[in-house]
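Summary of structural features
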Amino acid sequence: MPSLRSIPLGLYLHLPFCAYRCHYCSYSFETDWSPALMTRTLNAVVAEAEALRASGEADGLSWQVCTLYIGGGTPSVVPPRLLASFLHRLERALGFQTANLPEATLEANPENVTAEAVKAWAAAGLNRLSLGVQTFDTQRLALLGRQCDGPTNHQALTLIRDLWKGRWNADLLTGLPGPPGGTPQRWIDLRDDLKALLDYEPGHISLYSLTLEDGTELTQLTEPVADQLWLRARQTLIDAGYEWYEISNFARPGHRSVHNQGYGRLDPWAGLGPGAEGTLPRRNAQGHLRPWRTRNPRLFPWLNGQRQGEWVSAPEFALEHYLTGWRTSDGVVPGRLALLFGKTLKKECDFLDSGSRLALNRFLTQLEGLEGAEFQRDWPVERE
Ligand code: SF4
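Notes on the structure in this doc start here.

About the thresholds
Residues numbered from 1 in each chain as written. Predicted model: local features only at pLDDT ≥ 70, side-chain atom pairs only at ≥ 80, totals over all residues. Helix = DSSP H or I, 4+ residues; strand = E, 2+ residues; numbered from the N terminus. Buried ≥ 20, exposed ≤ 12 C-beta atoms within 10 Å, placed from the backbone. Contact = placed C-beta atoms within 7 Å. Expected span 1.5 Å × (residues − 1). Arc of directions from axis to C-beta. Near = placed C-beta within 6 Å. Nonpolar A, V, L, I, M, F, W, Y, C, P; charged D, E, K, R; others polar. Core = buried A, V, L, I, M, F, W, Y, C linked by C-beta atoms within 7 Å. Axes fitted to C-alpha atoms, helices over the stretch in contact; angles between N-to-C directions. Parallel < 35°, antiparallel > 145°, perpendicular 65-115°, else oblique. Left-handed = near helix turned anticlockwise from the far one by under 90°. Pairing = 2+ DSSP bridges. Right-handed = clockwise from strand over helix to strand, strands pointing away.

Re the overall build of the protein chain
- The secondary structure content of the protein chain amounts to 13 helices and 12 strands.
- Out of the 384 residues in the protein chain, the part that is buried amounts to 41%.
- Within the protein chain, contacts between residues at least 6 apart in sequence are counted, and of these 71% link residues at least 24 apart.

If you want it as structure tokens, here you go:
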């Protein structure tokens, strides 16, 4: 076999199982599942990984997994021993070692964090946890449909602080509703949440402003008030030494998420599992490497073998790069667009580093003019 070109890859796994349905969640997940369905799903993810390796080889490519992110759903509901054996099979399918990756993240819910689970996750080679704390307020957790309470969140954080040697993130929500006719979250409530979380010294915090569907009976904040809450929380984190590096993400030095930053740079990533999305290089009919977008359907169609994929056009890819760049403190990297489009877009890119609204408008106008424009060269898949 001719030698394969090595392609650095972020690997995202979507494990779609939750123990319950949170009222605010729009992710793809199932709550009605059996151990047999879970095993069948994990087997299908391994088969999808094997197919990914084979399709890469058919294009003369060898995937070099650089980061792993296991999301969902609630992947921490997978029993740790089953998760470890699943990861082992995945490693064989794609030729990597979880323990050797600079970043291998597992999303976890606080009620699944036990001393045994923490040790088993570390033994499986995972080195980063992302914990869905949301708030320490038991009443508001119940309003959100979460089946953990404030003490459970504290217990999980204590275990992570005391037993977990890797890096970790905590998700926190702002703009929480109150009961029907009651009081929504106030700044003093959010300030208490922030203080409680900061006492555990997480390296990374994701701060999301909650949006609920219209029609809920819960008492919600108006949008401007919710925005003010989020902004005060942002300033609190900055004052506490966190860098605001992505629209909802804050990190202490050295704790940015390597995997998530790859999305911002449009580095190739594979999404395996139901509901997962990925963007990978494939060879087109002329033999050039172009971005191919995969979009998996929900669990049951996916288990029945349904898969979707399409080429991403040059202007669409440029727009994605620009919009994701705007979400980060690093901004857009005009040189990266110029690599894609050569001189055609280079002059249009030169002004982008100002990051202004004017630049965005100008860029969008240029993109309209680029309709039908082609990539000037292969997708530059090397990581910087
Ligand atoms: S546990 Fe997470 S994925 Fe599952 S319903 Fe709640 S927020 Fe959504």
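Points about helix α7 (residues 223–239)
- Given a rise of 1.5 Å per residue, 17 residues ought to cover 24 Å, and the 24 Å separating the end C-alpha atoms of α7 matches this to within 8%.
- All buried positions along α7 are accounted for by Ala226, Leu229, Ala233 and Leu237. Down the axis, α7 shows its buried residues gathered within 75° of arc, on one side only. Facing away from the buried side of α7 by over 90 degrees, the exposed positions are Pro224, Leu231, Gln235, Ile238 and Asp239.
- Where α7 is buried, its residues touch β5 (167–174), α6 (187–198), β6 (204–209) and β8 (249–251).
- At the exit of α7 stands Gly241, carrying a positive phi of roughly 100°.

Let's talk about the site of the ligand
- Close contacts around the ligand come from Cys18, Arg21, Cys22, Cys25, Tyr27, Phe29, Gly72, Gly73, Thr74, Asn109 and Gly132, and that covers them all.
- Its residues placed into classes, the shell around the ligand shows five nonpolar, five polar and one charged.

Description of helix α1 (residues 35–58)
- The end-to-end C-alpha distance of α1 is 35 Å, a good match for the 34 Å that 24 residues give at a rise of 1.5 Å each.
- Within α1, burial applies to Thr41, Leu42, Val45, Glu48, Ala49, Leu52 and Gly56.
- For α1, the secondary structure elements touched by its buried residues are β1 (5–15), β2 (61–72), α2 (80–94), β9 (269–272) and α9 (299–303).
- The positive-phi residue at the C-terminal boundary of α1 is Gly60, with phi of around 80°.

A short note on the nonpolar core
- With 71 residues, the main nonpolar core has Leu9, Val65, Leu131, Ile160, Ile205 and Ala270 as its most contacted residues.
- Ranked by the residues each element gives to this core, the list is headed by β2, at seven residues.
- Not counting residues within four places of it along the chain, the set of residues in contact with Val65 comprises Leu9, Leu11, Leu94, Phe96 and Leu101.

A word on the packing of α1 against α2
- At their nearest, the axes of α1 and α2 sit 8 Å apart, and the two run at 10° to each other. The angle between α1 and α2 falls in the class roughly parallel. The interaxial crossing formed by α1 with α2 has right-handed handedness. Across the interface between the two elements, Leu42, Val46, Ala49, Glu50 and Arg53 of α1 pack against Phe86, Arg89, Leu90, Ala93 and Leu94 of α2.

A look at the packing of α6 against α7
- Two elements in contact, α6 and α7, have axes separated by 10 Å at closest approach and are oriented at 35°. Relative to α7, α6 is oriented so that their crossing is right-handed. When α6 is examined against α7, the residues Trp187, Leu190 and Leu194 are found in contact with a partner set consisting of Leu229, Arg232, Ala233 and Thr236.
- Residues that form the contact of α6 with α7 fall into these classes: five nonpolar, one polar and one charged.

With respect to the pairing of β6
- Sheet topology places β5 next to β6; six bridges connect them, and they run parallel. Paired with Asn169 across the bridge in β6 is His204.
- Regarding the hand of the β-α-β motif, the stretch spanning β5, α6 and β6 is right-handed.

Considerations on the environment of His321
- Assignment of secondary structure puts His321 in helix α10 (residues 314–326).
- Assessed through the 21 C-beta atoms surrounding it within 10 Å, His321 is described here as buried.
- Separated by 55 residues in the primary sequence, His321 and Leu266 place their C-alpha atoms 6.4 Å from one another.

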